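For reference, the chains in residue letters:
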Amino acid sequence: MDTTIRILCRKLVITNNNEPGCLQWLIGSPFFPPFTILSTFRCIHYHPSSFSPDYSKESDDIRMLLPKGFDVIGALIVGNDSDDFKRISSEAISASSKLRNFLSGNVNGESSGNPDLIGAVVDSNTDVHFCVSSSENSSRFEIVTSVVYDDQPEKYIWESGCILRCELPIKLPLYYPVNSPKDMEDIYTSATEAVASKFRDQKVTYVVETLNLTEPSLQAAIVRGAELDLQADLSSVRLSEESAQEFDAKSISCSQFCSRNRDITMFTSMEENADKIQVSVLLSRSENSLKPVAPIAEYFPAMEEAKLVVVDYKLEVLCYATKDLPLTCAVSKLIIPGLVDQLHTMKKIILPNLLTQHPQLRPYHFSPPGFLHPITVVYEQSYGETEMKQVEVRRSLHSRLGLPFDRPLLRIANAINLSLTKESTKNYIRKGSPLLKDVHLGIPASGLPGGVVSQIQGSYEYHHYLQDGFNDSGWGCAYRSLQTIISWFRLQHYTSIDVPSHREIQQCLVEIGDKDPSFIGSCEWIGAIELSFVLDKLLGVSCKVINVRSGDELPEKCRELALHFETQGTPIMIGGGVLAYTLLGVDYNEASGDCAFLILDPHYTGTDELKKVVNGGWCGWKRAVDSKGKHFFLHDKFYNLLLPQRPNMV
């Protein structure tokens, strides 16, 4: 049977830095068939002299970023058309094999087995050519021409798999002789290794609980240290149907903590749609005795003057497991190695500054756009998110993951929260009132023949007349459009400020000298220029303004508006005469020049019910001139369009 490469990511991401020799790691899972690619990580650490990967630094980074249950399964190299494809692909396979050895702890690069690996080469036309090596014969390379892109990758991953989460705070007290501070490194290393060994101790207990809303077969179970299966092979161990009917720890599978009828077809996020299992770690310090005994306290006096240093660890690991994996194996081969790796990662960061102000570290988990699996990042909490050291850390992560550099995707506010339920995240709450979000999703198409839709990127809140018990009917439409725009910047994590009230908007314009103090508390209109002043003052956001002399000229700007939505993706304010609207997208036929505008109307005065908004036409596609000859935009009024520019930041 011919070998097939299965690609689950929507598109095999080739990062922008595609000069010859650029290398990317291919990510898969031992739970999937061989040669199944989930994502790519760019190699960012090279030896300056040879430009070969620095496997030590690469393995340290990937060990932190990649949850257990996912693996490096190959490499991709950008080559020249004149290069020997088979030679380069063999180099890619060799590089991935070396990295896997480092990841498994073989720091000398010694072989830890010959798994199925992929070597891929990108030519100048960005076409990708694949070659594979088999675990049965690692020296033999096979050229593969059969490549399949899965059209429902989320279903493929999460219908058969689940997330395991383990959170463990640790306080590690360390005493060291005042006269021998150099001993502290050995003391700290020994203490950390002692903690790591406790995870495999016979007295350790792992409490496993479901985090799923719908009823699973089991709510909780216990795995004891004596039941751990530390020698299991993840790629082959599964429960038989017969053993799954039993209820001892070794026969319980992860599936028994998962929802039985979960629908993955309409997958939106890991928080809402993935099955989640919580694992807690307990260590028994007591022993059974046949007769009553008193507690015993041991005292170890210091032989010389000593100092105390307390290291705080906040471990939190995520793992991916197939649902039919035995629970003991999931704890032994995923949770425990994940805790040990994260503990060692933090130790390496803390060690150089242990006796001074040692870093306060905490792991966060993210699901960036285009990634089907979570990634984990350890951030130092002593730095603010806008400080350059933290910004450079994020820029490096964006580079490795092939993420754009003009939007914050890995800030703490972007972290996934596995404790949130679908019901609690349905609405974004402001001042006690639930506001509708993303009301354009699911509305009927424009019906424009041959049109190409370009629309807003990301989420926003719908702000309109009479919200928050404030009567602004007849004058506040531009204020409401501005509130919608600022909500977009909030929800994309460019800012953490609250959406301003009408009075706060007026106060801002007075502070910058655009308006007199009497403007505060008035019912005066504002337009595109005032909106640009407020966005600059409150958010530091610059704006582009387009002027048209008549509403009839707006269709001529559709190409420019489409480019804005494709490159910036922010909502646009349209102001003309005494009316203001929020533009969320355009449907444009370049050949005919026909277009439709996706309008969010702030003049709505009803309750925040999606059905009323959509059925009433308060959010929908509008033609400049409809089938009855009615003009949506007035031909005798000039219009200003405010196009907020996406900040260039991470």
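Worth saying up front: this structure is predicted, and the values here are computed from it rather than measured.

Caption draft 1: View of the overall build of the protein. What the protein contains, in helices and strands, is 13 helices and 25 strands. When the 650 residues of the protein are sorted by exposure, 49% land in the buried category. Within the protein, contacts between residues at least 6 apart in sequence are counted, and of these 70% link residues at least 24 apart. Entry remark: accessible area of the protein is about 31300 Å², with carbon and sulfur atoms responsible for 50%.

Caption draft 2: Representation of the side chain of D472 within the structure. Positionally, D472 belongs in the loop between β19 (452-455) and α9 (477-491). Of the polar contacts made by the side chain of D472, one reaches the backbone nitrogen of L466; its length is 3.0 Å. When sequence neighbours within four positions are dropped, the list of residues in contact with D472 reads Y465, L466, R480 and H502.

Caption draft 3: Inspection of the pairing of strand β23 (residues 595-600) at higher detail. For β23, a buried count of six out of six residues is recorded, marking the element as mostly surrounded by other parts of the structure. Across the two faces of β23 the burial is the same, with C595, F597 and I599 and A596, L598 and L600 all buried. With six bridges joining them, strand β22 (residues 579-588) and β23 adopt antiparallel strand pairing. In the sheet register, D587 faces β23, and the bridge partner there is A596. Where β22 folds back onto β23 in an antiparallel hairpin, the turn is made up of six residues, including G593, whose phi is positive at roughly 85°.

Caption draft 4: Quick peek at unusual backbone geometry. Even without glycine at this site, D438 takes up a positive phi of about 50°. Relative to the assigned elements, D438 resides in the loop between β18 (433-435) and β19. If you check the backbone angles, H493 has positive phi at about 65° while not being a glycine. Tracing the backbone shows H493 in the loop between α9 and α10 (502-511). Among the residues examined, H493 registers a relative accessible area of 21% and is labelled partly exposed.

Caption draft 5: Spotlight on the sheet that holds strand β14 (residues 306-322). Taking strand neighbours across the sheet as the criterion, the five strands line up as β12-β11-β13-β10-β14 in an open arrangement whose pairing is mixed. Each having just a single partner strand, β12 (220-224) and β14 make up the two edges of the open sheet. The average angle at which neighbouring strand axes cross in this sheet is 20°, direction not considered. In this sheet, β14 lies alongside strand β10 (residues 161-177) in antiparallel orientation, the contact comprising 17 bridges. Of the residues in β14, the one forming a bridge with E167 is E316. Packed on one face of the sheet, helix α4 (residues 184-198) meets β10, β11 (204-210), β13 (276-283) and β14 and runs near 145° to β10. Lying over the sheet, helix α6 (residues 327-350) contacts β10, β11, β12, β13 and β14, oriented at roughly 140° with respect to β14.

Caption draft 6: Just the pattern of salt bridges, in detail. Overall, the coordinates contain 21 salt bridges when judged by the stated rule. Residues D406 and R407 are paired through a salt bridge, measuring 2.8 Å at the closest nitrogen-oxygen approach. With respect to burial, D406 and R407 carry one shared label: buried. Two residues, K544 and E560, come together in a salt bridge whose shortest N-O distance is 2.9 Å. Pair noted here: K544 is in strand β20 (residues 543-548) and E560 is in helix α12 (residues 558-567), with a separation of 16 residues, a long-range link. A relative accessible area of 38% places K544 in the partly exposed class. For E560, a relative accessible area of 28% corresponds to the partly exposed category. One salt-bridge network, in which partners are shared between bridges, spans E58, D61 and R400.

Caption draft 7: Fine view of α10. For α10, the full list of buried residues reads H502, I505, Q506, C508, L509 and V510. Looking at the packing, one finds that the buried side of α10 touches α9 and α11 (528-539).

Caption draft 8: Summary view of the sheet that holds strand β9 (residues 146-149). Taken in spatial order, the three strands make up an open sheet running β3-β1-β9, and their pairing is parallel. Two strands bound the open sheet, and with one partner strand each, they are β3 (36-37) and β9. Bridge count between strand β1 (residues 4-7) and β9: four bridges; the pairing is parallel. Paired with I5 across the bridge in β9 is V147.

Caption draft 9: Quick peek at a nonpolar patch on the surface. A cluster of nonpolar side chains, namely I512, I529, F533 and V545, defines an oily patch on the protein surface of about 280 Å² accessible area. Looking at the secondary structure, you find F533 in helix α11. Given the relative accessible area of 32%, F533 is considered partly exposed.

Caption draft 10: Quick look at the nonpolar core. Core analysis: the largest hydrophobic core is formed by 101 residues, its most contacted members being W25, F41, L164, F199, Y206 and Y313. Ranked by residues supplied to this core, first place goes to α6 with 12 residues. Membership of the second largest hydrophobic core comes to 42 residues, among which are A478, L482, L509 and L531.

Caption draft 11: Structural view of α4. With 15 residues, α4 should cover 21 Å at 1.5 Å per step; its first-to-last C-alpha distance of 21 Å lies within 8% of that length. For α4, the complete set of buried residues consists of M184, Y188, A191, T192, V195 and A196. Down the axis, α4 shows its buried residues gathered within 140° of arc, on one side only. Buried residues along α4 sit in contact with β10, β14 and α6.

About the thresholds
Along each chain, the written sequence defines residue order, and numbers are assigned to residues from 1. The model is predicted, so local features are restricted to residues of pLDDT at least 70 and side-chain atom pairs to those at 80 or more, both for listing and for counting; the totals for chains, interfaces and linings are taken over all residues. Side-chain measures were taken over the full set of non-hydrogen atoms in the model, leaving aside hydrogen atoms and water. Helix and strand assignments follow DSSP, with helices taken as H or I runs no shorter than four residues and strands as E runs no shorter than two, numbered in order from the N terminus. A 1.4 Å probe rolled over the protein chains alone gives each residue an accessible area, and that area as a share of the maximum for its type sets the label: buried under 20%, exposed over 50%, partly exposed in between. Whether two residues are in contact is decided by their heavy atoms, any of which lying within 4.5 Å being enough. Computed with the Shrake-Rupley method and a 1.4 Å probe, the accessible areas treat only the protein chains shown as cover for residues. Any N or O atom pair separated by 3.5 Å or less is treated as a polar contact, with the protein-specific requirement of one donor-capable and one acceptor-capable atom, and with residues adjacent in sequence counted only for side-chain atom pairs. Here the rule is simple: two strands pair whenever DSSP picks up at least two bridges between them. A fitted line through C-alpha atoms serves as each axis, taken over the contacting stretch for helices, and the angle formed by two N-to-C directions is quoted from 0 to 180°. We count a salt bridge whenever a side-chain nitrogen from Lys or Arg sits within 4 Å of a carboxyl oxygen from Asp or Glu. Grouping into patches uses exposed residues only, defined as over 30% relative accessible area, and leaves out salt-bridged ones; the cut-off is 9 Å for like charges and 5 Å for nonpolar side chains (Val, Leu, Ile, Met, Phe, Trp, Tyr). Among buried residues, the Ala, Val, Leu, Ile, Met, Phe, Trp, Tyr and Cys ones that are joined through side-chain atoms within 4.5 Å form a nonpolar core. Each residue after the first adds 1.5 Å to the expected span of a helix. Each C-beta atom gives one direction from the helix axis, and the arc is the one those directions make.

Functional significance is not addressed by these values, which are geometric in nature.
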